[in-house]
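This is what each chain is made of:
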Amino acid sequence: MKHVFSLVLTFVLISAFAQKKALEIDDFNHWMHISGQKISPHGEVLSYELNPGRGDGNLIIHRINENQNDTIQRGSGAVPSFNDKMLAFRIKPQLDKTREAKVSKDKKIKDPKDSLGIWVCGVDTLMKYPEVASFSMPDKGDFQIAFTTDEKFKTVKDTGKVETDSLLVKNDTIPSKKKKPLKGGKTLVVLNALDGDSVHFKHVSEFKWSEAGDRLWILHQFKDTIDKTMLTLWDNAKKESKALFMKPGVAKKLTINKKGDKMIFFFSEDTVKEKIYNIYGVLDNKVQPQLIVDTTQTFAYDHFVPSTQGSCFFSEDDQKLYFGTAPAPVKDPEDSLLADEKAVLDIWSWTDTLIQPMQKVNVSKEINRTYTAVLHLKNNRLVQLETPDMKDLSLPFKGSGDRALGYDATPYERASGWSGKWIKDVYSLDVKTGERELIVRGVSSVRLSRNELFALYYDWRDSAYHAINLKKGGDVNLTKTLDVAFYNELNDVPNDPGAYGVAGWSEKDAYCFIYDRYDIWKIDPRGQEMPVRLTKGREKKFIYRIRILDSEQRFLSMEEPQLVTVFSESDKKSGFAKLRLDGASALEAVIMKDAQFGTVMKAKEANKMMYSYQSCEAYPDICISDLFDFDCRKVSNANPQQSDYIWAKVELVQWTDLNGEKREGLLYKPEDFDPAKKYPMLLYFYERNSDNLHRHSTPSPSRSIINKTFYPSNGYLVFVPDIVYKNGYPGESAYNCIMSGVNYLMDKHAYIDAQRIGIQGQSWGGYQSAYLITRTNLFAAAMAGAPVSNMTSAYGGIRWDSGMSRMFQYEHTQSRIGGTLWEKPLLYIENSPLFYADKVQTPLLIMHNDKDGAVPWYQGIEYFMALRRLDKPVWMLSYNNEPHNLKSTSWGNRMDLSTRMKQFFDHYLKDEEAPEWMMNGRRAVDKNRTLAY
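Residues numbered from 1 in each chain as written. Predicted model: local features only at pLDDT ≥ 70, side-chain atom pairs only at ≥ 80, totals over all residues. Heavy atoms only, no water.

1. Concerning the overall build of the chain
Working step 1: Check the secondary structure of the chain and you find 16 helices and 54 strands.
Working step 2: By the compact-globule yardstick of 30 Å for 933 residues, the chain fits well, its C-alpha radius of gyration being 31 Å.
Working step 3: Expressed as lengths along the three principal axes of its C-alpha atoms, the size of the chain is roughly 95 × 75 × 65 Å.
Working step 4: Taking all 933 residues of the chain together, 52% fall into the buried category.
Working step 5: In the chain, once contacts between residues fewer than 6 apart in sequence are set aside, the share between residues at least 24 apart is 56%.
Working step 6: Entry remark: accessible area of the chain is about 44,300 Å², with carbon and sulfur atoms responsible for 49%.
Working step 7: Side-chain charges of the chain comprise 125 positive and 122 negative groups, with the mean position of each set lying 2 Å from the other. (Helix = DSSP H or I, 4+ residues; strand = E, 2+ residues; numbered from the N terminus. Rg over C-alpha atoms; globule rule 2.2 N^0.38 Å. Buried < 20%, exposed > 50% of the residue type's maximum accessible area, 1.4 Å probe, protein only. Contact = heavy atoms within 4.5 Å. Areas by Shrake-Rupley, 256 points an atom, 1.4 Å probe, with all protein chains shown as cover. Lys, Arg positive; Asp, Glu negative; His and termini not counted. Charge placed at Lys NZ, Arg CZ, Asp CG, Glu CD.)

2. Focus on the pairing of strand β26 (residues 403-408)
Working step 1: Extensive coverage of β26 is indicated by the burial of 5 of its 6 residues.
Working step 2: The pairing of β26 with strand β27 (residues 424-430) spans 6 bridges and is antiparallel. Bridge pairing links arginine 403 to aspartate 430 in β27. (Pairing = 2+ DSSP bridges.)

3. Details of the packing of helix α9 (residues 730-748) against helix α10 (residues 764-772)
Working step 1: Look at α9 against α10: their axes get within 10 Å of each other, and the N-to-C directions meet at 80 degrees. What the angle tells us is that α9 and α10 run roughly perpendicular. Every residue of α10 that contacts α9 at Pro730, Gly731, Glu732, Ala734, Tyr735 and Ile738 is listed here: Trp764, Tyr767, Gln768, Tyr771 and Leu772.
Working step 2: Each residue belonging to the contact of α9 with α10 can be placed in one class, and the counts come to 8 nonpolar, 2 polar and 1 charged. (Axes fitted to C-alpha atoms, helices over the stretch in contact; angles between N-to-C directions. Parallel < 35°, antiparallel > 145°, perpendicular 65-115°, else oblique. Nonpolar A, V, L, I, M, F, W, Y, C, P; charged D, E, K, R; others polar.)

4. Comments concerning the pairing of strand β39 (residues 574-579)
Working step 1: Along β39, 5 of the 6 residues are buried, which leaves the element largely enclosed by surrounding structure.
Working step 2: Where strand β38 (residues 562-568) lies against β39, 6 bridges are found, and the strand directions are antiparallel. Within β39, the position partnered with leucine 563 by the bridge is lysine 578.
Working step 3: Here β38 folds back onto β39, and the loop between the two strands holds 5 residues, one of which, lysine 572, carries a positive phi near 70 degrees.
Working step 4: Note: β39 against strand β40 (residues 588-593), 5 bridges, orientation antiparallel. Bridging from a neighbouring strand, glycine 575 pairs with methionine 592 of β40.

5. What to know about the packing of aromatic side chains
Working step 1: Scanning the entire structure with this criterion turns up 42 aromatic pairs.
Working step 2: Ring centres of phenylalanine 245 and phenylalanine 267 lie 5.3 Å apart, and the angle between their planes is 80 degrees; on these two criteria the pair is classed as edge-to-face. On the criterion of sequence distance, the pair formed by phenylalanine 245 in strand β15 (residues 240-248) and phenylalanine 267 in strand β17 (residues 263-268) is long-range, its members being 22 residues apart. With respect to class, phenylalanine 245 is no different from phenylalanine 267; both count as buried.
Working step 3: For the pair tyrosine 465 and phenylalanine 486, a centre-to-centre distance of 6.1 Å together with 90 degrees between the ring planes defines the contact as edge-to-face. Of this pair, tyrosine 465 sits in strand β31 (residues 464-469) while phenylalanine 486 sits in the loop between β32 (475-477) and β33 (502-505), and the two are 21 residues apart along the sequence. The same class applies to tyrosine 465 as to phenylalanine 486, namely buried.
Working step 4: Three or more aromatic residues link up through ring pairs in this structure, and these residues are Phe28, Phe710, Tyr711, Tyr716, Trp875, Phe904, Phe905, Tyr908 and Trp917. (Phe/Tyr/Trp six-rings, centres within 6.5 Å; stacked < 30°, edge-to-face > 60°.)

6. Some thoughts on the layout of surface pockets
Working step 1: What the largest pocket holds in volume is close to 990 Å³.
Working step 2: Class assignment of the residues belonging to the lining of the largest pocket gives a composition of 15 nonpolar, 6 polar and 11 charged.
Working step 3: In this structure, the second largest pocket occupies an estimated 740 Å³ of space.
Working step 4: Lining the second largest pocket we find 27 residues, and of these Leu354, Lys365, Arg369, Ala409 and Glu413 sit closest to its centre.
Working step 5: Considering every element that reaches the lining of the second largest pocket, the biggest residue donor is helix α6 (residues 410-419), with 4 residues. (1 Å grid on protein atoms, 1.4 Å probe; cavity = no way out; pocket = protein on both sides within 12 Å on 5 of 7 lines; lining within 4 Å. Points joined across faces, edges and corners; volume = space filled by probe spheres on them.)

7. Some words on empty space enclosed by the protein
Working step 1: Following the criterion strictly, the structure yields 4 cavities of 30 Å³ or more and no others.
Working step 2: When its volume is computed, the largest cavity comes out at roughly 80 Å³.
Working step 3: The set of elements that each furnish at least two residues to the lining of the largest cavity consists of β11 (186-192) and β12 (198-209).
Working step 4: Sorting elements by how many residues they give to the lining of the largest cavity places β11 first, with 3 residues.
Working step 5: When its volume is computed, the second largest cavity comes out at roughly 60 Å³.
Working step 6: As for the second largest cavity, its lining consists of Ile25, Phe28, Ser700, Ser702, Ile705, Ile706, Asn707, Phe710, Tyr711, Ser898 and Met901.
Working step 7: Looking at the lining of the second largest cavity, the elements with two or more residues in it are α8 (710-713) and α15 (891-910).
Working step 8: Residue classes in the lining of the second largest cavity are distributed as 7 nonpolar, 4 polar and no charged.

Shown next as structure tokens:
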């Protein structure tokens, strides 16, 4: 009977799989993706966007208590109101309408614009307002919303329009007779979405709500013959508006505090392009704006003036105003030369701190660079904090404290291009006076404690954490007595390893919480108490990390339990636990699954949370539960059609490499896998990937690599081996780990077709693909994306996206040579595929795009030209104006790459007919006529 039952079960399973279909390239268009997840402040509503790969998506509004969904077509960017009763969002135009406008030659057809959508929960009525430029709701308001539009606003119910033009004639400083209609700004609509009451303001450039929604500050910018500015305050409770300021000039950067009783804006009466701004503000309950920062008086630092380019905000305690300053703008000299009469060049000098390409990448940043200053509102004292010799600053929590940290990287910038160290000198900075004191030299990361009592840093020179007492002085080594590493134990590059990080601080800076590889440590920053290990992860190889659920939280509570993530290194399970940081109770496990947990969000005002988890088979749908209760309810089902397709399944593989070391990797199989069959196999690799055992690979077009769901669905095995490196021998290390894994699988499993194995990698993985085929003829086909083929020429190249020299990555980071080209020339040659191109017997497909800012385009060209001359089968796809990886928005190129990669591998690993582009190439003159598929 058992034998009969087994046969019946096998028949049923075969029949079920026979009804499923393989994924096709066109399926990428309609596969759904979740994004934009939000949970409302009181945990009654959550929202998310559900969008196809290509096409119009929907905004889903889920009412948690009723377990009901509302669907808004093409909604995006939802913002819930504080009372959970309303959501505002953009409604995107139909993709077909946008496409029609872009391809149309009729100038009358313009790109359609976003609309504003408002959904009042329970009323179930969607309100739409066309062509909305921006919208805003108060952080703790109910049904108030303000938005700007170019359209004439119509409403059923109206409290009366506040006509800005009529207000202008009441002010003696501006002529009352207007020959022409005023121009500039947009129409601002202030709306109560529940009852429909609204009020309108014209010529609005900026607006800001108070936190409670009782006040709305409005800047108007308009023009007849000259620019003019007006400031209006709308009292939302009294439904009254007041024009508080009116003057010829330009205003920008409206900034208010939470209560809305303090406000500033930058204002200039200059009519020239190079404007100098003063700061006007409403402070200390004064009704009219006063001049509070006057640049005609002596300013804090040289010729600095307030800059509209910098960030501007009030401290949480309303005692300080932070803003950016910069040197006063200077008019460019008159230029009457023709273009061909000018010298246009860059001058590279060995004395430059930063090389010219880095300077050019940062030109805009430097032109707009500002330096933080603070105005102390009680005594009107202005202090310049950042200066040209200390350009970066870490302020106290929400700006309320009296101490900050300043950073100066200048002494190390020149060497960073080859040292691989991005370090700086750190100063303790008195916010009241601007006085600074050097506290530590040459470190990478320093954290100011929440009460500003300590500066905490990890020192790569002694591999220890240190705390500097900012009041009493002294530097305490916090971890020297502990027999555990706080640096990255898996570091395999020729550079000092970084640390695992810091979780945060307890109240009054009593303790800091620091991670090692596995555990969470409670450490006294004064060095008086012995450190306490709060978790016991090292014994089981469990990694524990505190998950911060409130970005506004200042301290880690010692009394309330903390949510802690858990990851098992051995079997890749993950989950959550509860932990009290005072150590009064043991760690309490909450959930552990064969899954990878993702986004966790807590409702700000309630103990409700939303999160997701995923696996190879399960899309990361959204779940809802009470805090610390992971008996969740799934509220989304993004891709119900998945059950119609042959999917992938994955298993963890472990083997011993050629050096006798234990290695891990992932093996993906079709869900209808039959061990009696022979399967072609693709390898993908990029350093370590085995921890991603439970990561879901959504069917989507490639930006550079193979999709680990798509290929198993089409009858392939996919093997992803971990690679661990020996300094100086990156190519040999890759060969060791990859080939030992492949040989292990072939020896163990007869279902692997040894004649049909291919490899694919991108960037560093592309280099390894290019290298491997010089060492073995095992592979029937190889694809290398953006490969370095010649380390001797790449070493002296530039990473054009950042403008950085490539030297550092060969000497100290990913390329792992561990020395200069002139110190170790043979290692550069030994690890360069180009010098062994004559050994290649494997057909190779290269992708290297002509705007690659990470790996120089010529690296792909060098390898292609060598293989072509040697009459080796080689092709190179070079997508025009595309970066290192295809842009996520380049749908056509991504679909094309997916198609060509599949055609390439199907030809060599499945004996399918070669496409035209592989047999005959494609002539440049035919570029716009055919895809040559």
